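# Structural features, examined
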Amino acid sequence: MSTSELTFEQTSAAERTLPDEIDSTGSKLVYLYLHTTDEATIDELQSSLRMRQLALFPYLETLTNEGLVERDGERYVCCA
């Protein structure tokens, strides 16, 4: 299994820790991925989630503004 593949157990555990302030489905998906994998670049997010980069940036901005995700150089990491 590659590091970008999530198991059912990882996904279920992450869902239990999903912050209430995340409203959109896209933001939830990005947050759960980062929470489960610890960190990812925009290219890794795009490839793993099969989302366009232009779609990812608003989700990442929202999560950053909420204090749930932060950017560390090229990588995004979960803070919450």
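This is a predicted model, so every value here is computed, not measured.

### Some remarks on the confidence of the model for the protein
- A residue-level look at the protein finds 80% of positions with pLDDT of 70 or above and a mean pLDDT of 86.
- Summarising per-element confidence for the protein, the mean pLDDT is lowest in helix H1 (residues 8–16) (54) and highest in helix H3 (residues 42–49) (97).

### Considering H3
- Regarding H3, the residues found buried are Ile42, Leu45 and Leu49. Taken end-on, H3 shows its buried residues confined to a sector of 60°, consistent with a single buried face.
- As for H3, its buried residues are in contact with helix H2 (25–37), strand S1 (39–41) and helix H4 (53–65).

### Let's talk about the side chain of Ser27
- Within the fold, Ser27 resides in helix H2.
- Overall, Ser27 belongs to the buried group, its relative accessible area being 4%.
- Aside from chain neighbours lying at most four places away, what touches Ser27 is Ile22, Tyr59, Thr62 and Leu63.

### Some thoughts on the packing of H2 against H4
- Across the interface, H2 lies against H4 with an axial gap of 9 Å and an inter-helix angle of 75°. Relative to H4, the element H2 lies roughly perpendicular. Listed contacts from H4 to Gly26, Ser27, Val30, Tyr31 and Leu34 of H2 are Leu56, Tyr59, Leu60, Thr62 and Leu63.
- Of the residues assigned to the contact of H2 with H4, the class counts are seven nonpolar, three polar and no charged.

### Focus on the pattern of salt bridges
- This structure, assessed with the given rule, holds two salt bridges.
- Note that Glu39 is salt-bridged to Arg75, the shortest N-O span being 2.7 Å. Residue Glu39 is found in strand S1, and its partner Arg75 is found in strand S3 (residues 75–78); the two are separated by 36 residues along the sequence.
- You can call Arg75 partly exposed: its relative accessible area is 24%.
- Between Arg75 and Glu44 there is a salt bridge, with its nearest N and O atoms 3.0 Å apart. You can see Arg75 sitting in strand S3 and its partner Glu44 sitting in helix H3, a full 31 residues away along the chain.

The rules behind the values
- Residues numbered from 1 in each chain as written.
- Predicted model: local features only at pLDDT ≥ 70, side-chain atom pairs only at ≥ 80, totals over all residues.
- Heavy atoms only, no water.
- pLDDT = per-residue confidence, 0-100.
- Helix = DSSP H or I, 4+ residues; strand = E, 2+ residues; numbered from the N terminus.
- Buried < 20%, exposed > 50% of the residue type's maximum accessible area, 1.4 Å probe, protein only.
- Arc of directions from axis to C-beta.
- Contact = heavy atoms within 4.5 Å.
- Axes fitted to C-alpha atoms, helices over the stretch in contact; angles between N-to-C directions.
- Parallel < 35°, antiparallel > 145°, perpendicular 65-115°, else oblique.
- Nonpolar A, V, L, I, M, F, W, Y, C, P; charged D, E, K, R; others polar.
- Salt bridge = Lys/Arg side-chain N within 4 Å of Asp/Glu carboxyl O.

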